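# Structural overview for review
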Amino acid sequence: MATFSGINIFIIDDQPANLQVLSAVLQNSGFQVFVARDARTGINKIKKVKPDLILLDILMPEIDGFEACRELKSNPETQEIPVIFMTALAESVDKVKGLKLGAVDYITKPFQHDEILARINNHLKVYHLTQQLKEQNRALQAEIAKNRVQNSTIAASINAIALADLQGRLTYVNSAFLKMWGYEKASEVLGQAVDSFWQDSQVAQRVIMALICHRTWSGELTGKKHNHQLFNVQVVANLITDTEDQPLCFMAAFLDITPYQKAESALQETEECLQRIISTVANGIIIVNKEGKVLFVNPAAEQLLGRSSEKLLDTIWGVPMVAGNSTEIALYRPDNTLAIVDMRVVELPWDEETAYLASLTDITARKQTEERLKILSQACEQSPASIVITNAEGDIEYVNPKFERVTGYKAEEVMGKNPRILKSGFTSEEEYRMLWETISEGLEWHGEFQNKRKDGQLFWEKASISAIRDENDVITHFVAVKEDITAQKETAAILFHQAKYDALTDLPNRFLAHDRMHQAIAQAERKNKRVAVMFVDLDHFKNINDTLGHAMGDHLLMLAAQRLLDALRSGDTVARLGGDEFLIILPEIEQPFACKAIAQKILDILNQPFDLGGEEVCLSGSIGIAIYPDDALDISGLMSHADAAMYCAKQAGRNLFKFFTNSMNEAAQRRIRLENHLRHALANQELSVYYQPFIHLASGVVVGAEALMRWNSPELGMVRPDHFIPVAEESGLINPLGEWITTQACHAAMTWREITGYELWVAVNMSPRQFRDHGLVDTIGNALSDSGLPGHCLELEITERLLMEDVPGASEMIQELTRLELRLSIDDFGTGYSSLSYLKRFPFSVLKIDKSFITDIPHDPEAVSLVRTIIAMAHGLHLRVIAEGVETLQQLEFLYQEGCDYAQGYWFSPPLAGDRFQWYLTEQMFHQTDPLKTLQSHNLEHLMAISPSIQVRNRE
């Protein structure tokens, strides 16, 4: 690389980094460098330094490069110094502006060191040549002024030289001038005006004017050759004066700079092309010196490394560089992402030193792909599903270990064969054809096969088969992912059976019965036949569970189910709906009376004794029958009507069958209407609480009362409790109604306490349905706490039915209720199964004798004996006894003599509304008598006086 010692270059740039790098490059080449960071300081220093060339940045604060150039060119001391602009501006209009201001060249940022040195070198040559021409011109002028003749030296000069008179006509040209302008003889040009030799005819006059004013002029002009070809000329002109300093002529030296400009343009184009290649190449390029200092990075390297060139240049590249080697390196970017790079290194010269160029290829994606392929391969090998890959013709090319384990075939046994080696014969050729057509069209196929293992064992597979395409979208392979679903199929069959069949009897359940009924109706519609639906309910089956246990009860259900199957035709259906309810479907019957014989046959076989482990048990059933299409056209209607008919059979005495009639439907409609009104009764304040007193027979005083719900409906009138209470229980409304009456009763008992000053108790009836509500204990506890009533002042009357039905959790709930210290009474004792075990198992304190037994006293000896026994038994168990339904003096006298503790009934008072009951209590406080003395004296008038006031008012 050439050196330029003794040549001064002045750099004006406001960027310290640019000054530092450019100064170092120029100083390394032998230039003496002067710098300034702003235009004003630079201009002042340039006047002192007088540099050979100025490098001037355009974009600077206060005074930009254009203004600085204008000021330098307008000053005679600096106007001859070549100015080269350095800028990032790429618009041609900016370049034209600078050239018009007198700049000799543009260097575009970012620039290459070689480019800067080449351009400086070219312009220094032109500048020095110009200076030489000026010196020669001055020498010639001196010679001309001295000798007044053309000097042979001028004629022989290699530079084109011409003399012109003061009018601008050529008076002398040398051979170099003729050659430059394309003329053969001097006579062709002598005498011509200098204007004709330039593209701009006015430019010569401007130069002449400048010479007259300043005596010297230099610059670049566009010449016009004899053949009108244009070329660029460096001109140095002087005004020649005589010894008296008077203008004599003009002399100019010319240099054709077109070759230099073409060479410079070609170099610039080459550099720009190289720059574009480096900038657009996909690989990152980074150049470092021997010390690892970064000298150059291209945009691809910036992007790959995640850093700009400004941050990378002059930093240390910490990766060893060995020429000729290819190395994989892992680099962490500033955003903590990892890049895996393939680095190839070559050695190259850089500023007369050895440097290293590293080509960086981002192989992160390739490495990730390789890793994914590795994982995919491992996934295939370790997959819990069988994987089979075939070529486009269906020949096996790969199977994974799972396939070998499932089928029993080794991989080498199936390679090149068709997957149909697993055929079991249960998949049709049509199915295989459709499969092949689907995947051949590039579509996915999903389905199931029943295939055969190598040992001949059948198994089920669920398969997904899809096509694999190459980069040209051509199908090259097929992949099948298959799962052994044999166990699932077996489980599904079991689950299907469990979902459709009763677990105990293996009869169809409700869901399958609906399907069978739907099929029977559709068939009957097509054939104009009938379908009979029978509801069969086993009578008093609960007693079997209670006495013999649930295990025996289940066994009895299985025996009964088998008898029902034996009694029917093969096409008939027997289903178990739950508990002791069965459904029978009789399809394709001609007339309804045909069902009579079947229904009677069912009753007869159920009446036959059952052998339960050596113990003989008798059973009966109640049957309801509905006919399609006579009674209903859909399943819901048939089920509902058969259920209503069965209910009527039970009401009629059980062990009967009943056909559905419209009157049953009307009863059902009435019940629905009653339920609908009942749902709004509480919100509409249609309900009220009546109270019937408990009389302590030994003292004759009122000790409490039973709370009884009454309903006065605006639409239905007074509705009997035995009508709406069952509806409330069946519909679930009994829970909110029970909560309401319990709260009302507790508050009423507190009011009685305030009126009388005594702790009277209040009894509330409990439904078995309420014990299915897990919040019952909290409900009762809240009623006590809200009212302030002590627990022992609340009595809950529980029927034997609750205990017999064995409601889940009821026993535990009863035990929790006792923790509230309230009283438990067993209601209607003697009407149910009357098991003494209930009295022993549960903490009852009161036993109520049902009014059905009291009614027959004293005329029925059996009733007398039964009531006497119940009282004795209760006292033996330390229970107090309440007799309900006392309506005659004879009943009262008997109960008193037998030691009954309390009595309740119309003899004392009917149920009273809350305000009337309070009045009743007030009256009783002033008319209390001693019934013990009354009964001992058999004074009937005194006995009747136990409750005279209410008796009188009741009869009025």
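Quick caveat, the model's predicted, so the values are computed rather than measured.

With 18 residues, helix α17 (residues 510-527) extends 25 Å from end C-alpha to end C-alpha; this agrees with the ideal 26 Å at 1.5 Å per step. Listed in full, the buried residues belonging to α17 are Leu-512, Ala-513, Met-517, Ala-520, Ile-521 and Ala-524. As for α17, its buried residues are in contact with α16 (486-500), β21 (530-538), β22 (573-578), β23 (581-589), β26 (621-628) and α21 (635-651). Between a side-chain oxygen at the N-terminus of α17 and the backbone nitrogen of Phe-511 the separation is 3.2 Å; the capping residue is Asn-509. In the segment just after α17, Asn-528 is the residue with positive phi, at about 60°.

Let us now look at unusual backbone geometry. A cis amide bond links Tyr-628 to the next residue, Pro-629, at an omega of 0°. Within the secondary structure layout, Pro-629 lies in the loop between β26 and α21. Following Ile-857, the chain continues into Pro-858 via a peptide bond in cis, with omega recorded as 0°. Relative to the helices and strands, Pro-858 is located in the loop between α29 (851-854) and α30 (861-876). In this structure, His-228 takes a positive phi of about 70° despite not being glycine. Checked against the element boundaries, His-228 lands in the loop between β8 (216-224) and β9 (230-241). The phi angle at Asp-506 is positive, at roughly 60°, despite the residue not being glycine. Topologically, Asp-506 is positioned in the loop between α16 and α17. Judged by its relative accessible area of 43%, Asp-506 is partly exposed.

A few words on the sheet that holds strand β7 (residues 170-173). Ordered by their spatial adjacency, 5 strands build an open sheet running β7-β6-β10-β9-β8, and the pairing between neighbours is antiparallel. Where the open sheet ends on each side, the last strands, each with one partner, are β7 and β8. Within the sheet, the average angular offset between the axes of one strand and its neighbour, ignoring direction, is 25°. Alignment of β9 against strand β10 (residues 247-256), held across 9 bridges, turns out to be antiparallel.

A separate point is the pattern of salt bridges. Following the criterion strictly, the structure yields 38 salt bridges and no others. One salt bridge connects Asp-473 with Arg-469, and the closest N-O pair in it is separated by 3.6 Å. Take Arg-469: its relative accessible area is 36%, and that puts it in the partly exposed class. Note that Arg-576 and Asp-502 form a salt bridge whose closest N and O atoms lie 3.1 Å from each other.

What counts and what doesn't
- Residues numbered from 1 in each chain as written.
- Predicted model: local features only at pLDDT ≥ 70, side-chain atom pairs only at ≥ 80, totals over all residues.
- Heavy atoms only, no water.
- Helix = DSSP H or I, 4+ residues; strand = E, 2+ residues; numbered from the N terminus.
- Expected span 1.5 Å × (residues − 1).
- Buried < 20%, exposed > 50% of the residue type's maximum accessible area, 1.4 Å probe, protein only.
- Contact = heavy atoms within 4.5 Å.
- Polar contact = N/O pair within 3.5 Å; in protein donor to acceptor, adjacent residues only side chain to side chain.
- Pairing = 2+ DSSP bridges.
- Axes fitted to C-alpha atoms, helices over the stretch in contact; angles between N-to-C directions.
- Salt bridge = Lys/Arg side-chain N within 4 Å of Asp/Glu carboxyl O.

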